Amino acid sequence: MPIRIDRALVGKEYPAFVVTAERGKIKAFARAIGDLNQNYVDDDIGGASAWGDIIAPPTFAITFRDETADAAALLRDLGVDIGRVLHGEQEFEIHRQIRPGETFTCRTKVVDIQDKTGKSGPMALVTRETVIVDRGGEVVGTLRHVTVVRL
Amino acid sequence: MKYAKVYGEDVKVGDAIPPLVKGPIAQIQLTRYAGASGDFNPIHQDAEFARAAGMGGVFAHGMLSMGFVAQSVTDWLGAGTVRKLGVRFSALVRLKDVITCTGRVLGTSEKNGERLVELELWAENQRGEKVVTGRATAALQSRSA
């Protein structure tokens, strides 16, 4: 039976969650990519930089997730198993650099659902947007995440 | 030349991003990336699960490849220069793949005393197949600033 993605999901907002950019996590993330840029992994270099500390690599905000929420919430909303989803596209807007110890509030919503026929058959492209706001209310970054659901 | 300071005046349309070669991709790197990113989808760890899902075996997180692409930009232009980065994951990256990230400058402009550099980016595997394509905007200081 073909899977149908509920179009009513467009506009759905997930509960806001709070994250702290931890020093060790920034470094571990850079090292996992194999990116040993000193501005990410060396506290002395970071401290002497214009930012006054190490900064996070451009894609670090992908680690921001709601640890208290059910990780399968989106999959359940989509009505699919994790084996049917692929990461199709990803975008980061970076308004300022993320430094260790900073706390952010993240808000995610579903902004678009499109049907498409790909090489492997019918699929749905589900776009979510996450806005990352600092304690002062400044938007530091926006993520757009396109999930491909193989139908 | 790695991490040399690059100023806005140093970059012009058509310049190539120095190729960054990553890999060969090993399972341990995918496990490490899972831990560092929090993405524990078993499709990147468990070959049996990945085959049962119709994917023919384990493949890398798209975000790991995106991290490589971001590194190709920051190795050239410096940490903290990326203002926007968007990619499409066009083919799967498999174990043992060697990924080369490069790109070129599409345009430059001035805004608020910074030089904005528009980049076309891509990453390809050892067979020359594009696995990631995308765009980025980087902001560079002026030499006179």
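Residues numbered from 1 in each chain as written. Chains lettered and ligands numbered in written order. Predicted model: local features only at pLDDT ≥ 70, side-chain atom pairs only at ≥ 80, totals over all residues.

S.K.: Could you give me a rundown of the overall build of chain B, with the residues and numbers involved?
M.R.: Counting its secondary structure elements, chain B contains three helices and five strands. The order of α-helices and β-strands along chain B, N terminus first, is β-α-α-α-β-β-β-β. Across the 145 residues of chain B, 41% fall into the buried class. Pairs at least 24 residues apart make up 68% of the contacts formed inside chain B by residues separated by at least 6 positions. (Helix = DSSP H or I, 4+ residues; strand = E, 2+ residues; numbered from the N terminus. Buried ≥ 20, exposed ≤ 12 C-beta atoms within 10 Å, placed from the backbone. Contact = placed C-beta atoms within 7 Å.)

S.K.: Give a description of the overall build of chain A that names residues and reports values.
M.R.: Regarding its fold elements, chain A presents four helices and five strands. Counting from the amino terminus, chain A carries its helices and strands in the arrangement β-α-α-α-α-β-β-β-β. Seen through its principal axes, chain A has C-alpha atoms that stretch 60 × 30 × 25 Å. For chain A, with 151 residues in total, the buried portion stands at 32%. Look at the contacts in chain A between residues 6 or more apart in sequence, and 67% of them connect residues 24 or more apart.

S.K.: Any chance you could break down the interface of chain A and chain B for me, citing the residues and the numbers?
M.R.: The interface of chain A with chain B comprises 28 residues on the first partner and 30 residues on the second. Counting only elements with at least two residues in the side of chain A that touches chain B, the list comes to helix H1 (23-33), helix H2 (38-41) and strand E2 (85-94) of chain A. At eight residues, E2 of chain A tops the list of elements feeding residues into the side of chain A that touches chain B. A breakdown of the residues in the side of chain A that touches chain B according to their chemical character gives 13 nonpolar, 10 polar and five charged. (Nonpolar A, V, L, I, M, F, W, Y, C, P; charged D, E, K, R; others polar.)

S.K.: Let's hear about H1 of chain A: which residues, and what values?
M.R.: Taken together, the buried positions of H1 of chain A are occupied by Ile 26, Lys 27, Phe 29, Ala 30, Ala 32 and Ile 33 of chain A. For H1 of chain A, the secondary structure elements touched by its buried residues are H2 of chain A together with helix H1 (27-37) and helix H3 (62-77) of chain B. Positioned one or two residues after H1 of chain A, Gly 34 of chain A has a phi angle of 85 degrees, which is positive.

S.K.: Please provide a residue-by-residue account of the nonpolar core, values included.
M.R.: Residues Val 69 and Val 73 of chain B are the most contacted members of the largest nonpolar core, which totals 56 residues. The greatest single-element share of this core, amounting to nine residues, is contributed by H3 of chain B. Each residue touching Val 73 of chain B, except ones within four places of it in the same chain, is listed here: Ile 17, Val 82, Leu 119, Ala 136 and Ala 138 of chain B. Counting 10 residues, the second-largest nonpolar core is a separate cluster that includes Val 85, Val 110, Met 123 and Ala 124 of chain A. (Core = buried A, V, L, I, M, F, W, Y, C linked by C-beta atoms within 7 Å.)

S.K.: Can you explain the sheet that holds strand E5 (residues 130-140) of chain B? Please cite residues and give values.
M.R.: With antiparallel pairing, the 10 strands of this open sheet are ordered in space as E1(A)-E3(A)-E4(A)-E5(A)-E2(A)-E2(B)-E5(B)-E4(B)-E3(B)-E1(B). Pairing within the sheet leaves two strands with one partner each, and these edge strands are strand E1 (17-20) of chain A together with strand E1 (16-22) of chain B. Strand-to-strand twist across the sheet, computed as the mean angle between neighbouring axes with direction ignored, equals 20 degrees. Relative to strand E3 (residues 99-111) of chain B, E1 of chain B is paired through five bridges, and the arrangement is antiparallel. Across the sheet, the residue bridging to Lys 22 of chain B is Ile 99 of chain B, located in E3 of chain B. (Pairing = 2+ DSSP bridges. Axes fitted to C-alpha atoms, helices over the stretch in contact; angles between N-to-C directions.)

S.K.: Account for the pairing of strand E4 (residues 121-134) of chain A, naming residues and giving values.
M.R.: Residue and element names in this part refer to chain A. Relative to E4, strand E3 (residues 103-118) runs antiparallel, the two being bridged by 14 bridges. Opposite Gly 118, over in E4, you have Gly 121 as the bridge partner. Here E3 folds back onto E4, and the loop between the two strands holds two residues. In terms of strand pairing, E4 meets strand E5 (residues 139-150) through 11 bridges, oriented antiparallel. Opposite Thr 130, over in E5, you have Leu 143 as the bridge partner. The antiparallel pairing of E4 with E5 creates a hairpin that spans four residues between the two strands, and Gly 137 there sits at a positive phi of about 85 degrees.

S.K.: Which residues make up the packing of H1 of chain A against H1 of chain B, and what values go with them?
M.R.: Two quantities define a packed helix pair, namely the angle between the axes and the distance from one axis to the other. Where H1 of chain A meets H1 of chain B, the axes come as close as 9 Å, and the angle between the chain directions of the two elements is 155 degrees. One element, H1 of chain A, and the other, H1 of chain B, form an angle in the roughly antiparallel class. Helix-helix and strand crossings are classified by hand; for H1 of chain A and H1 of chain B the assignment is left-handed. Each of Ala 28, Phe 29 and Ala 32 of chain A in H1 of chain A lies in contact with H1 of chain B, whose residues at this interface are Arg 32, Tyr 33, Ala 36 and Ser 37 of chain B. The class makeup of the residues in the contact of H1 of chain A with H1 of chain B is five nonpolar, one polar and one charged. (Parallel < 35°, antiparallel > 145°, perpendicular 65-115°, else oblique. Left-handed = near helix turned anticlockwise from the far one by under 90°.)

These figures capture arrangement, not role.
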